[in-house]
Structure formats: C-alpha cells, structure tokens
Amino acid sequence: MIKNHARQLLVLPDRDAAEEAREDLVARCPDLDDPELVRDALAGEDDAEDAQWLLVFEAPEDGWTPAQLAELDTVADAQDGWREED
C-alpha cells in the first residue's frame, strides 16, 4: 500500500547511476524538490565498492500522484534500481 505522503527512495547501484537518475528526474518532474543523494553502505561491508546510492524524495505538499510515482519507477528501472517507501 502506497502512503500518499511517505518519502520515496530510489535505490541505485552506484553514484554515477544516482547522479544520472537525479538529473533525469529534475528534468522530467520539475515540480518535485531536488532529491538528497545518500551513500548507503551494505551491512558488514567496508569496501567503498559495496555501497548502494539512494535518492531521497520528500513527498510533495499535496502527496504523491500516480504519475509522479510512475516517473520514479521508470527512472529507477532505467538505472537498474528500484523505488522503496520510507
């Protein structure tokens, strides 16, 4: 179940993919705030290569629309990532 005001996270395989997804989404969805880019080290891993990158999107004031969530899914999928609610 999607919570209309939940933060959305795009989980991406590396920093380059995250930065490309961020640029793509800023162009596709100018009504969304610029997302926060966060490195997420995998549990128990010390190697910098063993990290995922997250784009953290705060919910728009009026909540998420199905079209916005579809754009997030499309961009995440294009970068071999996925979307999660937080």
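Refer to the structure printed above.
Heads up: these notes are all about the structure in this document. Just so you know, the residues in each chain are numbered from 1, in the order the chain's sequence is written. Where local features are concerned, this predicted model is filtered to residues with pLDDT of at least 70; where side-chain atom pairs are given and counted, the filter is 80 or more; whole-chain, interface and lining totals use all residues. For the side-chain quantities, the full set of heavy atoms in the structure was used; hydrogens and water were omitted.

**Some points on helix α1 (residues 15–28)**
Applicable threshold: Secondary structure is summarised from DSSP: a helix means a run of H or I of at least four residues, a strand means a run of E of at least two, and numbering begins at the N terminus for each. Each helix should span, by expectation, one fewer than its residue count multiplied by 1.5 Å. Buried residues are those whose accessible area, probed at 1.4 Å on protein chains only, stays under 20% of the maximum for their type, while exposed residues exceed 50% and partly exposed ones sit between those limits. Here the arc refers to the directions that run from the helix axis out to each C-beta atom.
For α1, spanning 14 residues, the distance from its first C-alpha to its last is 20 Å, which sits close to the expected 20 Å at 1.5 Å a residue. By the burial criterion, the buried members of α1 are Ala17, Ala18, Ala21 and Leu25. Projected down its long axis, α1 carries its buried residues within an arc of 95°, all on one side. Turned more than 90 degrees away from the buried face of α1, the exposed residues are Asp16, Glu23 and Ala27.

**Some remarks on the pattern of salt bridges**
We count it as follows: Salt bridge, as used here, is a side-chain nitrogen of Lys or Arg placed within 4 Å of a carboxyl oxygen of Asp or Glu.
According to the stated counting rule, one finds 7 salt bridges in the structure shown. Note that Glu58 is salt-bridged to Arg7, the shortest N-O span being 3.6 Å. Remark: Arg7 occurs in the segment before β1 (8–12) and Glu58 occurs in the loop between β3 (51–57) and α2 (66–78); sequence separation between them is 51 residues. For Arg7, a relative accessible area of 30% translates into the label partly exposed. Bridged by salt links that share partners, the residues Arg7, Glu58 and Asp86 form one connected network.

**Overview of the side chain of Gln79**
Selection rule: The criterion used for residue contact is that any of the two residues' heavy atoms lie within 4.5 Å.
Tracing the chain through its elements places Gln79 in the loop between α2 and β4 (82–85). Assessed through its relative accessible area of 15%, Gln79 is described here as buried. Residue contacts for Gln79: discarding those within four places in its chain leaves Leu12, Pro13, Ala17, Glu20 and Ala21.

**Observations concerning α2**
In this model, α2 (13 residues) spans 18 Å end to end at C-alpha, consistent with the 18 Å of a helix rising 1.5 Å per residue. Looking only at α2, the buried set comprises Gln68, Leu69, Leu72, Val75 and Ala76. The arc enclosing the buried residues of α2, seen along the axis, measures out at 130°, which places them on a common side. Exposed residues lying more than 90 degrees from the buried face of α2 are Pro66, Ala67, Asp77 and Ala78. Along its buried surface, α2 packs onto β1, α1, β3 and β4.

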